[in-house]
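Fold and contact review
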Amino acid sequence: MLDESKFDVNLKLFALRIPRELCKSATRLLNGYLLDKPRVKPITEDPTSEKNRLLILSEKVQNPDLSDIPSQKLDELKNLCEIEVVPYSLTLGYSYWTAGHVAHLNIHDELLPFKDVIAKVIYDKNYPRIKTVVNKVGTITNEFRVPKFEILAGESDMVTEVKQYGATFKLDYSLVYWNSRLEHEHIRLVSLFQPGETICDTFAGIGPFAIPAAQKGCLVYANDLNPESVHYLKINAKINKVDDSVFAYNMDARKFISQLMAVPVCENNIESDDPLVKVCNACNITTFDDAKAEDPKLGVKEKEAAGNDVKNDFEGMQNSSMTVDGSVVASKRPSDCSTEENGNGYSGYKKKGNTYKRIKGSVLPKAKAWEHVDHVIMNLPASALQFLDAFGGIISRKCWKGPLPLVHCYCFIRANETKELIISEAESALNAKIKDPVFHRVRDVAPNKV
């Protein structure tokens, strides 16, 4: 008999006991120091009082005096409320490590002689919940960043469904990229978006960012080079009833950015069926140098480094930062900024629990992407930095309305590299200086990477 307890991972952590009404503020202050595990929420009920909640701290907080957290953050937290540090134990059990009906294994070389036995045990003990057991083989070399798998046990059907934070995703494991471990990052980024904002997702995959953003009430332009990813992106938009607010594209990311955000000119032959892109506009495209001359106070906002796990589980660590100065410089946006000021405001959604539900009869406005985009997502960590050059001179200050977009660009940082090197690479691609870049660490992917 399989001893499921052998799969248990026991974590000895610390948690903060705080009043439940202050959870949102405390979470914002402790960004980067709370537990970051897929499918595990860092806020949980306090068994001793209904009025309090426990904020589970990250594994990197090792001392009960909280000396691992910057003193400035602690001071702000103490000014917010009286805090109490308590020990917290968390066990990630057997069921935590599986999702959908496909069990995805990364079997180490020393265990490969026993791969069939391992797969049979997993299959026999978990059928019918697990119907297919696969093992990743080789390294990812194809242009669509899709791993190769060998089926070790069960059916050859690789089409499955996965649920994340109120959204359902259908996918074919053999044709598209998917990583359930990035669930927390998906919802973290989407939590930054406001209903009514316009999102440009350049490497959208099957929609882990695009679908939740649309559920929240955003208008989403989503692109992917892999036609199979776009196929499932459209399916997932329909499954989650947001197909009227997700526009799917299948093209190279540079072409997507240039066609979507550049001001259309009548005499240009624009290769798109989207009427928003084909609309003729009297504005002329100005270079970023012109934009800087018009508004010298523009500054960089964000660059995000980290993202997809394209190597095996122990190849390195991902990092995330946010950027942009150069041609897609984002002026700093107040936390209460509303898109109504640029004509894209939308109130057709209401919040219900942790998800946003569409109000019956509501219709999203069709924003012109060359006039305003709030966020650009570039989640292809192996090469996203190289695509930043697509923003060169793309935004017309004469036509643009409201703040410039925040660009979330994911990348890998290896052990022998620094944040300064990554910033330099981004600046080289943008051909402009980046002011005040913000880095956000997403997850470990391997010992030799950050």
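Below or above, wherever it landed, is the structure these notes cover. (Residues numbered from 1 in each chain as written. Predicted model: local features only at pLDDT ≥ 70, side-chain atom pairs only at ≥ 80, totals over all residues. Heavy atoms only, no water.)

Unlike most non-glycine residues, Leu 66 shows phi in positive territory, near 60°. Note on placement: Leu 66 falls in the loop between β3 (52–56) and α2 (71–80). The exposure class of Leu 66 is buried, given its relative accessible area of 4%. Positive phi, normally seen in glycine, also occurs at Asn 431, with a value near 60°. Along the chain, Asn 431 falls in the loop between α10 (419–430) and β18 (438–440). (Helix = DSSP H or I, 4+ residues; strand = E, 2+ residues; numbered from the N terminus. Buried < 20%, exposed > 50% of the residue type's maximum accessible area, 1.4 Å probe, protein only.)

What follows deals with the packing of aromatic side chains. A full pass over the atoms with the stated rule returns seven aromatic pairs. Measuring from centroid to centroid gives 5.8 Å for Phe 149 and Tyr 173, while their planes differ by 70°, and the two rings are edge-to-face. Highlighted residues: Phe 149 in strand β7 (residues 148–154) and Tyr 173 in the loop between β9 (167–172) and α4 (183–190), separated in sequence by 24 residues. When the ring of Phe 169 is compared with that of Trp 178, the centres are 5.3 Å apart and the planes differ by 40°; the resulting orientation is tilted. Judged on exposure class, the residue Phe 169 and its partner Trp 178 are both buried. Among the aromatic residues, those joined into a cluster by ring pairs are Tyr 221, Phe 247, Tyr 249 and Phe 256. Above the ring of Phe 387, the side-chain terminus of Arg 254 is found at 4.4 Å from the ring centroid. (Phe/Tyr/Trp six-rings, centres within 6.5 Å; stacked < 30°, edge-to-face > 60°. Lys NZ or Arg CZ within 6 Å of the ring centre and 35° of its normal.)

On to α4. For an α-helix, 3.6 residues make a turn, and residues three or four places apart therefore share a direction. With seven of eight residues buried, α4 is to be regarded as a mostly interior element. Among all positions of α4, only Glu 183, His 184, Glu 185, His 186, Arg 188, Leu 189 and Val 190 are buried.

If you trace the three strands from one edge of the open sheet to the other, you get β5-β6-β7, paired in mixed fashion. Only two strands of the sheet have a single neighbouring strand rather than two, namely β5 (102–105) and β7. Put simply, the sheet's adjacent strands are angled 30° from each other on average, direction ignored. Across six bridges, strand β6 (residues 132–137) lies against β7 in antiparallel orientation. Counterpart to Lys 136 in the pairing with β7 is Phe 149. Sheet strands in contact with helix α3 (residues 115–126) are β5, β6 and β7, and its direction is about 60° off that of β7. (Pairing = 2+ DSSP bridges. Axes fitted to C-alpha atoms, helices over the stretch in contact; angles between N-to-C directions. Contact = heavy atoms within 4.5 Å.)

It is worth spelling out the side chain of Glu 427 at this point. Summarising the element assignment, Glu 427 is placed in helix α10. Among all residues touching Glu 427, those that are not within four sequence positions of it are Ala 432, Lys 433 and Ile 434.

Bringing the nonpolar core into the picture now. Counting residues in hydrophobic clusters, the biggest one holds 40 residues, and the most contacted among them are Tyr 221, Phe 256, Leu 260, Met 261, Met 378, Leu 388 and Phe 391. Secondary-structure elements contributing two or more residues to this core are β11 (219–223), β12 (246–249), α7 (253–261), β16 (375–378), β17 (406–412) and α10. Within the second largest apolar cluster, 34 residues are counted, among which are Val 134, Ile 199, Ile 206 and Ala 213. (Core = buried A, V, L, I, M, F, W, Y, C linked by side-chain atoms within 4.5 Å.)

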